[in-house]
Protein chains: 4
Amino acid sequence: MTLADTPSGTPVHDHSAHHGYITDKDKYLNRLKRIEGQARGIHKMVEDEKYCIDILTQISALTSALEAVAVGLLDDHLRHCVVDAARLGGPEADAKITEATQAIARLVR
Amino acid sequence: MTLADTPSGTPVHDHSAHHGYITDKDKYLNRLKRIEGQARGIHKMVEDEKYCIDILTQISALTSALEAVAVGLLDDHLRHCVVDAARLGGPEADAKITEATQAIARLVR
Amino acid sequence: MTLADTPSGTPVHDHSAHHGYITDKDKYLNRLKRIEGQARGIHKMVEDEKYCIDILTQISALTSALEAVAVGLLDDHLRHCVVDAARLGGPEADAKITEATQAIARLVR
Amino acid sequence: MTLADTPSGTPVHDHSAHHGYITDKDKYLNRLKRIEGQARGIHKMVEDEKYCIDILTQISALTSALEAVAVGLLDDHLRHCVVDAARLGGPEADAKITEATQAIARLVR
């Protein structure tokens with residue numbers, strides 16, 4: 001059994017919830033748990049041959065949920081990794097921004 | 001247990017694979033099974049506090065996979081529901097196209 | 001001088017406004033005229049070194065306006081070319097849908 | 001004559017081309033000039049009632065060109081405004097990142 005099968009919001013990883021670059025990690029874990037459920041629901045809709053347009057509506061909702069998670073993680077990344085690198089000075093900040101811009105380009109197109 | 005927990009490509013639903021509007025239903029079920037795995041993997045990456053940019057790369061890949069499924073389902077929908085309605089004549093085809101256009105608008109923005 | 005330099009809504013082309021596949025052609029010409037103005041405005045903002053975030057806001061607005069035109073044209077296309085081909089029967093409808101789906105895929109990703 | 005030769009694009013602003021936050025401002029001005037030409041071309045295609053799918057292809061190309069400009073400007077913004085604010089310290093960097101994230105969210109959805 002994988003974590004994907006455990007109840008959402010399981011406390012198993014709370015010990016690590018307050019370190020690392022991610023602000024409010026549990027918020028992301030809960031949103032991603034819902035996203036897994038949405039993906040499972042879309043699989044079920046195709047299996048049951050639900051009406052195509054209704055399946056497309058669910059895919060749009062799932063895509064929006066993923067984009068919201070991506071923008072949130074990017075915000076955390078800029079706020080922590082990039083700002084810290086900028087404060088340390090040196091070429092590190094430039095490298096981190098190049099990397100962030102490439103990630104943004106993949107999300108935008 | 002849901003089909004989501006069974007091995008991908010299970011024959012359980014083959015009896016229905018050749019009716020309904022979806023061409024090659026098993027292809028979609030397999031792709032959506034992979035998409036569920038990708039969503040589970042992203043949850044795991046956040047849980048393990050993997051590098052933010054690597055998580056964003058996986059989210060972009062998942063979003064692209066979902067968009068490909070949506071475009072495929074839309075193609076099936078136009079090819080079957082919309083064309084059939086057009087052949088039957090009457091206002092049905094117009095209603096189906098309005099509905100399809102709204103779904104496309106949600107996917108595009 | 002090109003039509004792009006004439007006042008928006010010029011009646012010059014009204015004689016062609018009621019044939020061809022485009023419903024309410026003048027509506028599209030006016031929207032595309034505004035879109036040209038938006039593009040010109042963004043060029044001016046960069047030239048004047050306006051605040052980057054404000055330029056990005058204008059680019060998002062322009063992209064949304066373009067997507068709305070694209071979805072509208074696609075709707076017209078499905079409603080006319082695709083439905084007509086479906087009514088005529090034969091392989092033509094399939095070819096038109098393949099073409100439409102490819103256009104949708106370019107708009108979605 | 002094309003609109004590209006109108007007051008915008010004159011050397012008037014060359015003296016400012018090397019200060020301000022935009023790296024290689026002329027590169028952006030040239031790309032935006034091409035973008036204006038693409039918008040004008042799409043207007044012409046609708047006016048001439050060119051084939052719908054060909055118009056959609058041009059709209060997709062224009063949208064991609066705009067997104068590339070947006071990502072480039074955002075990179076400049078992070079590299080200069082955000083990094084400078086981070087180095088100065090204080091709440092300014094956080095405010096700039098919130099603003100940048102909101103701009104990214106508008107580009108992504």
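About the criteria used
- Residues numbered from 1 in each chain as written.
- Chains lettered and ligands numbered in written order.
- Predicted model: local features only at pLDDT ≥ 70, side-chain atom pairs only at ≥ 80, totals over all residues.
- Heavy atoms only, no water.
- UniProt positions renumbered as here; feature names shortened; annotations may be inferred.
- Helix = DSSP H or I, 4+ residues; strand = E, 2+ residues; numbered from the N terminus.
- Buried < 20%, exposed > 50% of the residue type's maximum accessible area, 1.4 Å probe, protein only.
- Contact = heavy atoms within 4.5 Å.
- Areas by Shrake-Rupley, 256 points an atom, 1.4 Å probe, with all protein chains shown as cover.
- Buried area = accessible area lost by both parts, 1.4 Å probe.
- Salt bridge = Lys/Arg side-chain N within 4 Å of Asp/Glu carboxyl O.
- Polar contact = N/O pair within 3.5 Å; in protein donor to acceptor, adjacent residues only side chain to side chain.
- Least-squares fit on C-alpha atoms with pLDDT ≥ 70 in both.

- Chain A appears in an unreviewed UniProt entry as Metal-sensitive transcriptional regulator from Microbacterium alkaliflavum.
- We quote the UniProt Sequence similarities (unreviewed entry) comment for chain A here in full: "Belongs to the CsoR family."

**Things to note about the overall build of chain A**
Here is step 1: For chain A, the count of helices and strands is 3 helices and 0 strands.
Here is step 2: When the helices and strands of chain A are placed in sequence order, the string is α-α-α.
Here is step 3: Each of the 109 residues in chain A was classed as buried or not, and the buried ones make up 50%.
Here is step 4: Considering only contacts within chain A whose residues lie at least 6 apart along the sequence, 47% involve residues at least 24 apart.
Here is step 5: Here chain A has roughly 4700 Å² of accessible surface; of this, 57% comes from carbon and sulfur atoms.

**Here we look at the interface of chain C and chain D**
Here is step 1: Across the contact, 49 residues belong to chain C and 48 residues belong to chain D.
Here is step 2: Of the roughly 4500 Å² buried at the junction of chain C and chain D (both faces included), carbon and sulfur atoms supply 68%.
Here is step 3: At the boundary of chain C with chain D, the tally comes to 2 salt bridges.
Here is step 4: Note that Lys-25 of chain D and Glu-49 of chain C form a salt bridge whose closest N and O atoms lie 3.2 Å from each other.
Here is step 5: Connecting chain C to chain D are 12 residue pairs in polar contact (both at pLDDT 80 or more).
Here is step 6: For the side of chain C that touches chain D, the elements supplying multiple residues, two or more each, are helix 1 (25-47), helix 2 (52-88) and helix 3 (92-108) of chain C.

**Concerning the relation of the copies chain A and chain B**
Here is step 1: Its rotation angle being 180°, the transformation that places chain A on chain B also includes 0.0 Å of axial translation and leaves an RMSD of 0.0 Å. This pairing of chains is accounted for by a two-fold axis.
Here is step 2: Take the interface residues of chain A: 100% of them recur as interface residues in chain B, which is what a same-surface contact looks like.

**Observations concerning the relation of the copies chain C and chain D**
The operation relating the two chain copies consists of a rotation about an axis and a shift along that axis.
Here is step 1: Superposition record for chain C on chain D: RMSD 0.0 Å, screw rotation 180°, translation along axis 0.0 Å.
Here is step 2: Comparing interface residues between copies, 92% of those in chain C also lie at the interface in chain D; the contact surface is shared.

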